[in-house]
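# Close look at the chain arrangement
Residue strings, one per chain:
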Amino acid sequence: MAEIDEKTLGVRVREARERAGLKQGELAQLVGLERTAVNKIEGGIRKVSALELSDIAASLGVTMSSFFSEPIPALVSHRSSQGLDTADSKIDRILASIAADVEFVAELAPEELALPGDNFAPSPPPKTSSDADALAVATRAMLSLTDTEPVHDLVGKAAAIGLLIFSVDLGVDTADAGTILLRRGGVSLVNSHNKVGRRRLAAAHELGHYLIADEYTVDWRVADRQGNDIETCLDRFARALLLPECGLRTAWAEYGSRELREVAVLLASKFRVDMATLARRLEELDLVDGEGAALVRSVTTTRADIVEFGLIVSVDLEGTSLPVSYQKAILRAFRDERISQERALELLHSTFTEYDLPPRRERREDEIWKFVS
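Read on for an overview of the structure. Every value quoted in this text rests on a predicted model; they were computed, and no experiment measured them. Going along each chain's sequence as written, the residues are numbered from 1 onward. Given that this is a predicted model, residues contribute local features only at a pLDDT of at least 70 and side-chain atom pairs are listed and counted only at 80 or more, while totals for whole chains, interfaces and linings are drawn from all residues. Only hydrogens and water are set aside; all other atoms, that is, all heavy atoms of the structure, feed into the side-chain values.

### Things to note about the sheet that holds strand 1 (residues 163-168)
A pair of strands is considered paired only if DSSP assigns at least 2 bridges between the two. For the purposes of this entry, the term helix denotes a DSSP run of H or I that reaches at least four residues, the term strand denotes a run of E that reaches at least two, and both are numbered from the N terminus. Reading across the sheet, the four strands line up as 1-3-2-4 and stay open at both edges, with mixed pairing between neighbours. Taken across any chain shown, the strands that pair with only one partner, and hence form the sheet edges, are strand 1 and strand 4 (216-219). The mean angle between the axes of side-by-side strands here comes to 15 degrees, regardless of whether they run parallel or antiparallel. Of the pairings in the sheet, the one linking strand 2 (residues 177-181) to strand 4 comprises four bridges and is antiparallel in character. Residue Thr 179 lies in a different strand from strand 4, and its bridge partner there is Thr 217. To get an axis, fit a line to the C-alpha atoms, keeping to the stretch in contact for a helix; angles then go from 0 to 180 degrees between the N-to-C directions.

Have a look at this one:
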């Protein structure tokens, strides 16, 4: 973390307070200070103690380190376009926090995250359905997938090309997902409150935003759109990525002798998609008509289906989930004693306990002389 002066610190405290939608008096009450004291801190006139700053950060829902780190350019650009008086939504706050964590971890263990270098070349935004399909084909090749196989490890595949996909339960009636482009690579956050098929579709859609280098996006109701705008094209891209034409047609022919309901259950399980996504893709490939698509949408996979067909129940992006490469980077930094136990657990978003962390190596007595001048 860089050293900053009181004025810069004050500006960052004020910006964080405004993004949290709080007035100076409200923040003062939360941290046990006079409003005038908060005013002076934000103006760079009054010094703030570490304990006070910790209380301020906790009240604003940010980490203390965020006050000392240079903000991510994509985030600065987004906030500037929103205006100073716009409070962050829940997904904005969490996405910004995760992005800051990733940039911090990338400095500690870059070899584990393997984020792309300056040679990463974004793809042109798709403008038509054909463009979206072509982007999906190119992406599958980039992810080392054949033209028939399902994308089972979507999070791992995305991480291999620089997009780290996290999930958090954001609740109902909120965004499906969002993405921030980092200085190197990108971060996506998927709402795990949704069912697994919709979560995977949202993750694939965010991968599209990353590939075309969209700086900052928050997506509501992925796949519910119609038209020829970029979001609709990325919905098409996500369907084509998860349900490749060649693979879907091959499986359709394999299951063709069964009733449509059984075919839908088998296809949805094989490609790990929801019924609405499957119905839309089958219809756009002319494998079913409108009536058939409606029937597929109405299908619910039952426990009997799972047992009788030997189906695998996917748990992708369930609850709070973190990319494996991100977890490895934190564990490496912890083993190397570059971060404390408390900081490691904080960066792991409560998915680990102190007993889950690896033991640190014992130091030899003579090593103390390395730290004595």
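### Looking at the packing of helix 14 (residues 275-284) against helix 15 (residues 290-298)
Here helix 14 crosses helix 15 at 165 degrees, and the two axes come no closer than 8 Å. Compared by their axis directions, helix 14 and helix 15 come out roughly antiparallel. Crossing handedness for the pair helix 14 and helix 15: right-handed. Taken together, the residues of helix 15 that come into contact with helix 14 (itself represented by Met 275, Ala 276, Leu 278, Ala 279, Arg 280, Leu 282 and Glu 283) are Gly 290, Ala 293, Val 296 and Arg 297. Side-chain classes are defined by residue name, with Ala, Val, Leu, Ile, Met, Phe, Trp, Tyr, Cys and Pro counting as nonpolar, Asp, Glu, Lys and Arg as charged, and the others, Gly among them, as polar. When its residues are assigned to classes, the contact of helix 14 with helix 15 shows seven nonpolar, one polar and three charged. Here the word oblique covers every angle except those under 35 degrees (roughly parallel), over 145 (roughly antiparallel) and from 65 to 115 (roughly perpendicular). Left-handed describes a crossing whose near helix is turned anticlockwise from the far helix through less than a right angle; right-handed describes the clockwise counterpart. Whether two residues are in contact is decided by their heavy atoms: any pair within 4.5 Å suffices.

### Section: the packing of aromatic side chains
Planes of paired rings set the category: under 30 degrees apart is stacked, over 60 is edge-to-face and the rest tilted, where pairs are Phe, Tyr or Trp rings (Trp by its six-membered ring) whose centres lie within 6.5 Å. Evaluated as defined, the whole model comprises one aromatic pair. Criterion for a charge above a ring: Lys NZ or Arg CZ within 6 Å of the ring centre, and within 35 degrees of the ring normal. Between Lys 270 and the ring centre of Phe 271, over which it is positioned, the NZ or CZ distance is 5.9 Å.

### Some remarks on helix 14
In terms of burial, helix 14 is a largely internal element, seven of the 10 residues being buried. All of the buried residues in helix 14 are Met 275, Thr 277, Leu 278, Ala 279, Arg 280, Arg 281 and Leu 282. Next to the buried residues of helix 14 lie helix 8 (129-142), helix 10 (196-211), helix 11 (230-242), helix 12 (245-255), helix 13 (260-271) and helix 15. We define a polar contact as two N or O atoms separated by no more than 3.5 Å, with the added condition that, inside protein, one atom must be a possible hydrogen donor and the other a possible acceptor, whereas residues neighbouring each other in sequence contribute only through side-chain atom pairs. Backbone nitrogen of Ala 276 and a side-chain oxygen of the N-cap are separated by 3.2 Å at the start of helix 14; the cap is Asp 274. In the stretch just after helix 14, Asp 286 is the one whose phi turns positive, near 60 degrees. Exposure classes here rest on a 1.4 Å probe applied to the protein chains alone. A residue is buried below 20% of its type maximum, exposed above 50%, and partly exposed in between.

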